[in-house]
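Residue strings, one per chain:
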Amino acid sequence: MHKYKNISDPVIRRLPRYYRFLGELLDKGVERISSRELSDKMGFTASQIRQDLNCFGGFGQQGYGYCVKSLYNEIAHILGLDHSYKAILIGAGNLGRAVATHMSFEKRGFKLIGIFDNDKNKIGQTIRDIQVSDLDNLEQFCTENKTDVAIFCVPKTATPEIAERLHKLGIKNYWNFSHYDLAVHYDDIIVENVHLNDSLMTLCYKISDANDKPEDEQ
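Quick look at the structure, then. (Residues numbered from 1 in each chain as written. Predicted model: local features only at pLDDT ≥ 70, side-chain atom pairs only at ≥ 80, totals over all residues. Heavy atoms only, no water.)

1. Describing a nonpolar patch on the surface
Residues Leu200, Leu203 and Ile207 make up a contiguous nonpolar surface patch of about 290 Å² in total accessible area. Residue Leu200 is classed as exposed on the basis of its relative accessible area, which comes to 56%. (Patch = residues over 30% accessible without salt bridge, like charges linked within 9 Å, V, L, I, M, F, W, Y side chains within 5 Å. Areas by Shrake-Rupley, 256 points an atom, 1.4 Å probe, with all protein chains shown as cover. Salt bridge = Lys/Arg side-chain N within 4 Å of Asp/Glu carboxyl O. Buried < 20%, exposed > 50% of the residue type's maximum accessible area, 1.4 Å probe, protein only.)

Here it is, written out as structure tokens:
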């Protein structure tokens, strides 16, 4: 059973930001920081920061603040970054290649062990020192190599059949770039959906909203 119960999704989604920011402070040689100083730099209220961190125990000391290194390590542990979950990536196109090449899997709790595609021109290529395998060999590979996570970098139309194959193999943790709503079809999975277009449209809204404001409000 998980140590932490009833933690809200917004709190969980703020943890990586704390972790990233604390890492930057460590790089600058900062040893301790108060919730007020964190608030000034991160844009959260000091009260929000204290409430978030108190969900996982007391890390700060009144009048002293937070030890940056200790808090950084604690959040890494809470996020599970000390694990090494074995992941496979489906889809060796432009997106899949970029994800495989540029993500720091080992620093984020994962180890990429396999890449698959059904394009004969991509099979056999090497990405991140991993040879792209034929998607037809998916079952054999996952049977021989205990796989915890699948990363979908394939078109939406290709996802259902691949997801069904993975689900039958007992792989139920997904990082999903495909825009196919896996959660609607499976109620026993853990999925993190990544919608880059949604993020881009949100940026468009913010720019448009700012430009539409009267000059005296800008």
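Anyway, onward from the coordinates.
2. A few points about the nonpolar core
Among the nonpolar cores identified, the biggest contains 22 residues, and Tyr18, Leu25, Leu38 and Ile75 are the most heavily contacted of them. Secondary structure elements with two or more residues in this core: helix 1 (9–27), helix 2 (35–42), helix 3 (46–54) and helix 4 (68–79). For this core, the element with the highest residue contribution is helix 1, accounting for seven residues. In this view, Ile75 contacts Leu15, Tyr18, Tyr19, Leu22 and Leu53; residues no more than four positions away in its chain are not counted. (Core = buried A, V, L, I, M, F, W, Y, C linked by side-chain atoms within 4.5 Å. Helix = DSSP H or I, 4+ residues; strand = E, 2+ residues; numbered from the N terminus. Contact = heavy atoms within 4.5 Å.)

3. Focus: the packing of aromatic side chains
This structure, assessed with the given rule, holds six aromatic pairs. For the ring pair Tyr18 and Phe44, a centre distance of 5.6 Å and an interplane angle of 80 degrees mean the geometry is edge-to-face. Highlighted residues: Tyr18 in helix 1 and Phe44 in the loop between helix 2 and helix 3, separated in sequence by 26 residues. Just as Tyr18 is buried, Phe44 falls in that class too. With centroids separated by 5.4 Å and ring planes inclined at 65 degrees, the aromatic side chains of Phe152 and Tyr174 adopt a geometry described as edge-to-face. One end of the pair, Phe152, is in strand 7 (residues 149–152); the other, Tyr174, is in strand 8 (residues 173–176), with 22 residues separating them in the sequence. Assigned by exposure class, Phe152 and Tyr174 land together as buried. (Phe/Tyr/Trp six-rings, centres within 6.5 Å; stacked < 30°, edge-to-face > 60°.)

4. Let's talk about the packing of helix 2 against helix 3
In the contact formed by helix 2 and helix 3, the axes pass within 8 Å of each other and the chain directions differ by 110 degrees. As far as their axial angle goes, helix 3 and helix 2 are roughly perpendicular. Once helix 2 is placed against helix 3, the crossing between them reads as right-handed. Contacts from Ser35, Arg36, Leu38 and Ser39 in helix 2 reach Ala46, Ile49 and Arg50 in helix 3. Each residue belonging to the contact of helix 2 with helix 3 can be placed in one class, and the counts come to three nonpolar, two polar and two charged. (Axes fitted to C-alpha atoms, helices over the stretch in contact; angles between N-to-C directions. Parallel < 35°, antiparallel > 145°, perpendicular 65-115°, else oblique. Left-handed = near helix turned anticlockwise from the far one by under 90°. Nonpolar A, V, L, I, M, F, W, Y, C, P; charged D, E, K, R; others polar.)

5. Overview of the packing of helix 1 against helix 3
Two numbers describe how helix 1 lies on helix 3: the axes approach to 11 Å, and their chain directions differ by 105 degrees. Between helix 1 and helix 3, the angle falls in the class roughly perpendicular. Touching Val11, Arg14 and Tyr18 of helix 1 are Gln48, Ile49 and Asp52, all from helix 3. In terms of residue class, the contact of helix 1 with helix 3 is made up of three nonpolar, one polar and two charged.

6. Some thoughts on the environment of Asp134
Examined against the element boundaries, Asp134 turns out to sit in strand 6 (residues 130–134). Sequence separation between Asp134 and Ala210 is 76 residues; the distance between their C-alpha atoms is 48 Å. Not counting residues up to four positions away in its chain, the partners in contact with Asp134 are Phe116, Asp117, Lys120 and Ile123. Separated by 3.0 Å, the side chains of Asp134 and Lys120 make a polar contact. Separated by 2.9 Å, the side chain of Asp134 and the backbone nitrogen of Asp136 make a polar contact. (Polar contact = N/O pair within 3.5 Å; in protein donor to acceptor, adjacent residues only side chain to side chain.)

7. Digging into the sheet that holds strand 9 (residues 190–193)
Taken in spatial order, the seven strands of this open sheet run 5-6-4-3-7-8-9, and their pairing is mixed. The sheet is open, and its two borders are formed by strand 5 (126–127) and strand 9, each paired with just one other strand. Note: strand 5 against strand 6, two bridges, orientation antiparallel. Each residue of the ladder has a partner; that of Thr126, found in strand 6, is Gln131. The strands that helix 7 (residues 159–168) touches are strand 3 (85–90), strand 7 and strand 8; relative to strand 7, the one it contacts most, it runs at about 175 degrees. (Pairing = 2+ DSSP bridges.)

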